[in-house]
Amino acid sequence: MDEENAVELLQRFRRDRRILLDFVLAGSLIKKVIMPPGAVTLDDVDLDQVSVDYVLNCAKKGGMLELSEAIRDYHDHTGLPQMNNSGSAGEYFLVTNPESYGSPPKRAAPPVPDYTPPPVLAPPPVITPSIPDLDLSPVASNISQSESFNSTQVRELTVDDIEDFEDDDLDETDSLRISRRIRNDAADLALGLPSFKTGIIEDDLRETAYEILLACAGAAGGLIVPSKEKKKDKRSKLMRKLGRSRSENVVSQSQRAPGMVGLLEAMRVQMEISEAMDIRTRQGLLNALAGKVGKRMDALLVPLELLCCISRSEFSDKKAYIRWQKRQLNILEEGLLNHTAVGFGESGRKASELRILLAKIEESESLPPSTGELQRTECLRSLREITAPLAERPARGDLTGEVCHWADGYHLNVRLYEKLLVSVFDMLDEGKLTEEVEEILELLKSTWRVLGITETIHYTCYAWVLFRQHVVTNQQGILQHAIEQLKKIPLKEQRGPQERLHLKSLHSRVEGKQGYQDLSFLQSFLSPIQKWADKQLGDYHLNFAEVPVMMENIVTVAMITRRLLLEEPEAATMQSTSATDRDQIESYISSSIKNAFTRILQSLEKSDTKHEHHLALLAEETKKLLKKDTTLFMPILSQRHPQATAVSSSLLHRLYGNKLKPFLGVAEHLTEDVVSVFPAADDLEQYMMELILSSCGEETAEIYSRKIVPYQIESISGTLVMRWVNSQLARILGWVERAIQQERWDPISPQQRHGSSIVEVFRIVEETVDQFFELKVPMRSSELSSLFRGVDNAFQVYANHVIDKLATKEDLIPPVPILTRYKKEAGIKAFVKKELFDPRLPDERRSTEINVRTTPTLCVQLNTLYYAINELNKLEDGIWERWTRKKPRQKLIKKSLDEKSKSFMQKDTFDGSRKDINAAIDRICEFTGTKIIFWDLREPFINNLYKSSVSLSRFEAVIEPLDTELCQLCDIIVEPLRDRIVTSLLQATLVMPHPCSFERLCQRSCNLYLT
């Protein structure tokens, strides 16, 4: 339930409670009602302090009702839970909210040990009368110390007597009724005015303000004393005034008497003045004006005239009269002695005489009636002689003409005017203005001459009253009205010369934390408003989290009051103000961000952070705070500071950086904490930079970026990642060496005709790549390039190991045989030049120096290298794709249209290993073709082709062994490499004698096989 509903429900509850008590007490349910000491009628009893349960129990029993016992019962049970006396143990009411205490305990309570009470010796009964706490009840405050609630001297009251009570015969106690509405705390919003030395309370000011209002209304001829005809209404005045519903209130307003009479009656109700006091005051003012021809009523010294014209006999209670007289004397002392603008001058000696007279008037009540009345009359006559010249002297620079100057010091006047302005609020709904607000404000203008009010003072006081009411009720409508009044306060150059002179004379000296300070009028009223607004905006994340709309109005209030206060003398300014509105907005942002960040730190300290590092959680919470700040509050603050978002982001960047810096200094390895903190911190920093760039232009964003000290997460993280990459690459090279040493070059399966070592190498490489991208820490392209270079180097090492110790084709080609029709020396020199100096045969040399690999082994090696280059392309594409996802903010050049940049980014990929693998494939293919012709088929080709005779030697003799070799070759080699291996075989035939014929033969055989 929100605050408004709570206030409305409480008011409804109080009305219903009073209606119930009035009905019970006014009917025949209770035979006899015994009033408490000091009370004559039920109007003297505060029904809010009477226990309803006690009254109902008395009605059920049909006995008499002692209201003193009912009051005592109410206070005794105030702190206890409410009970319905139904007898069921399963029903109860909770005083507190159970949801705020969490779940109930799950474990059973410990058993209660058996306890045997010791025997008790009953002492003789001692009767001790219970004395209630007199401070808790307003009724008790009206009772002298010699009286008690248990007094035997009581006045019995019957129901018939209650019905005959007259509503016009009311005691002054009703006018002292204190409103018990639920309000918000407005203690921080106090006027910068000195306190009253005489101890005047708010009720005293309210009643005096109403008396001033009646005097000013009487000057306009609107003062009429109501008829004293008795009203035989069965409902008491308490029910009519506080027990009415909202609909009854509307009807009463619409049916009130027209003109000044009805408006004053509405004011009386709004200011909670009793009818008895209203009649006494009206009659007293009329009597005071009698015989004073040509004198206006508003020129009277109202407190003095009322003291002279209202006697003790007009009060039903002596204590009420004493309180009323004390109030009038205090008002005179405050207005004429304590808060005077001019001072006594030559009449300064009369100040002490005035104090003596006031004291004697108060003392006269304790004397015997005849002596006291005589002393009081003489003192009043002397008091009039002293105060009349003081009240009628010109003291305000003749700003408003000849007026009553009974209180030159503005402190008392503005406090009285404040009480008059409070009457604009609906007494049943303090968050709304009454329907007669415009008429009331117009009526209050009649008091300006007496109280020295100008337009500036009026707008300032009215804005203060409205703003304070907003603080109490939290209603937006009231705040809007307050802003309108603040905007109406004229600036210094807009005021007239007389008003500027008058406002300049209004000063007060107030004691603060730094000693006494002299405050001007605007500082006294607007400084509290500005301080309250500054305090709220200094932590707007907390105060406006649920109602960010209200923040815009509070910012407006703060800026208007700030502008008005900047015109005041700097020497008297209570607090240092910023140079511009932007500086003030920055101070709000700085204060609120720091407070919100501190609360986050405190909440993290109390929470369980075992599963994740507290700096990572802090980064997440800071980002949430920044998102909330940007979404809810920055649109409001940006209206007065376009770079508010940049200010907020920069400050949070610095605050989080202060917490992160010690952690960065000790991060040396990729631990779990580093992997947890670095990504969160980098993500937060990137988000802040994006906000700054989006909220400002490029030039302004660059200025803020220069002020920001980067976290350098990528740099520090890159160094740690580089260490990790280097260690992993060394591990990969070790696995490559081991896999090559264990390789036997056998096909894995008929479908997978490559070696197992390449599969093992790719497995360890892919594991390393997976771990690289699972680090989740910020990285630069240099770390990726390092990974590429390391993997590329590993495959180069692998390719070099495959062709290591592989013989060259020159070692396999035999010398050209000597043709039979030529001498040896006349042979083809190009083919025999080398052999002339080597007497050994090729087969003899190969068998002794070269370990020739078999054709299946060479085919498996070719398949393995081809598998490596294919998988290498897939690995490269996968790495780039995962890097693109890891760096979404960077438009990687691999996907862009800039080919020049593309080649620059990919220069460190797998081009080196591709080149080495392709070179290895070419070398093995060439070696395999040469080996098949000159090694595997050397018997039919080299040794037997021309041995018998040239005429008998034909190529058809070698077709069958060639077909056998081709069959074996094509069964093992993968299909994409068949053309290359066959081409290598054909190229090997070019070195044979009669190469054209032999080549055609091999070509025909190969084509037939491939077809």
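Residues numbered from 1 in each chain as written. Predicted model: local features only at pLDDT ≥ 70, side-chain atom pairs only at ≥ 80, totals over all residues. Heavy atoms only, no water.

So, on to the overall build of the protein chain. Each helix and strand in the protein chain was counted, giving 41 helices and seven strands. Buried residues in the protein chain amount to 47% of all 1011 residues. Summing over all exposed atoms, the protein chain offers an accessible surface of approximately 52600 Å²; the carbon and sulfur share of this is 53%. (Helix = DSSP H or I, 4+ residues; strand = E, 2+ residues; numbered from the N terminus. Buried < 20%, exposed > 50% of the residue type's maximum accessible area, 1.4 Å probe, protein only. Areas by Shrake-Rupley, 256 points an atom, 1.4 Å probe, with all protein chains shown as cover.)

Time to look at the side chain of Thr622. By the secondary structure assignment, Thr622 is in helix α25 (residues 614-637). Residue Thr622 is classed as buried on the basis of its relative accessible area of 0%. Residues in contact with Thr622, not counting those within four places in the same chain, are Phe597, Ile600, Leu652, Tyr656, Leu684 and Met688. (Contact = heavy atoms within 4.5 Å.)

Considering the arrangement of structural elements, one finds Ser913 in helix α37 (residues 911-936). Residues within four places of Ser913 in sequence aside, it is in contact with Asp792, Phe795, Gln796 and Leu872. A distance of 2.6 Å separates the side chain of Ser913 from the side chain of Asp792, its partner in a polar contact. (Polar contact = N/O pair within 3.5 Å; in protein donor to acceptor, adjacent residues only side chain to side chain.)

When strand β6 (residues 507-512) meets strand β7 (residues 515-520), the two strands line up antiparallel, connected through six bridges. Residue His507 lies in a different strand from β7, and its bridge partner there is Ser520. (Pairing = 2+ DSSP bridges.)

A word on the packing of aromatic side chains. Taken as a whole and judged by the stated rule, the model has 14 aromatic pairs. Measuring from centroid to centroid gives 4.7 Å for Phe762 and Phe795, while their planes differ by 45°, and the two rings are tilted. Of this pair, Phe762 sits in helix α30 (residues 756-774) while Phe795 is found in helix α31 (residues 781-802), placing the two residues 33 residues apart along the sequence. Exposure remark for Phe762: the relative accessible area of 3% places this residue in the buried category. On the basis of relative accessibility, which here comes to 0%, the residue Phe795 falls in the buried class. Feature note: the residues Phe315, Tyr321 and Trp324 constitute an aromatic cluster, connected by ring pairs. The residue whose ring lies beneath Lys627 is Tyr687, and the NZ or CZ to ring-centre distance is 5.8 Å. (Phe/Tyr/Trp six-rings, centres within 6.5 Å; stacked < 30°, edge-to-face > 60°. Lys NZ or Arg CZ within 6 Å of the ring centre and 35° of its normal.)

The next thing to look at is unusual backbone geometry. The phi dihedral of Asn474 is positive, around 65°, even though this residue is not glycine. In this fold, Asn474 is placed in the loop between α18 (455-473) and α19 (476-488). Positive phi outside glycine occurs at Lys776, with the angle close to 60°. Secondary-structure assignment places Lys776 in the loop between α30 and α31.

Here we take up the packing of helix α9 (residues 259-270) against helix α16 (residues 437-444). To describe two helices that pack against each other, one gives the angle between their axes and the distance between the axes. At their nearest, the axes of α9 and α16 sit 11 Å apart, and the two run at 100° to each other. The angle between α9 and α16 places the two elements in the roughly perpendicular class. Counting all contacts with α9, which are made through Met260, Leu263, Leu264 and Met267, the residues of α16 involved are Glu439, Ile440, Leu443 and Leu444. A breakdown of the residues in the contact of α9 with α16 according to their chemical character gives seven nonpolar, no polar and one charged. (Axes fitted to C-alpha atoms, helices over the stretch in contact; angles between N-to-C directions. Parallel < 35°, antiparallel > 145°, perpendicular 65-115°, else oblique. Nonpolar A, V, L, I, M, F, W, Y, C, P; charged D, E, K, R; others polar.)

Counted under the stated rule, the structure contains zero disulfides. Looking at Cys970, it has no disulfide partner, and the nearest cysteine sulfur is the one in Cys967, 7.7 Å off. Owing to a relative accessible area of 3%, Cys970 belongs among the buried residues under this scheme. (Disulfide = S-S within 2.5 Å.)

This part takes up the pattern of salt bridges. Summed over the entire model, instances satisfying the criterion amount to 28 salt bridges. A salt bridge links Asp278 to Arg282, with the nearest nitrogen and oxygen atoms 2.9 Å apart. Here the residue Asp278 and the residue Arg282 both occupy positions in helix α10 (residues 275-289), the gap between them amounting to four residues, near one helical turn. Note on Asp278: relative accessible area 2%, which makes it buried. In this structure, the salt-bridge partner of Lys445 is Glu442, at a minimum N-O distance of 3.7 Å. The network of salt bridges with common partners includes Glu202, Arg415, Glu418 and Lys419. (Salt bridge = Lys/Arg side-chain N within 4 Å of Asp/Glu carboxyl O.)

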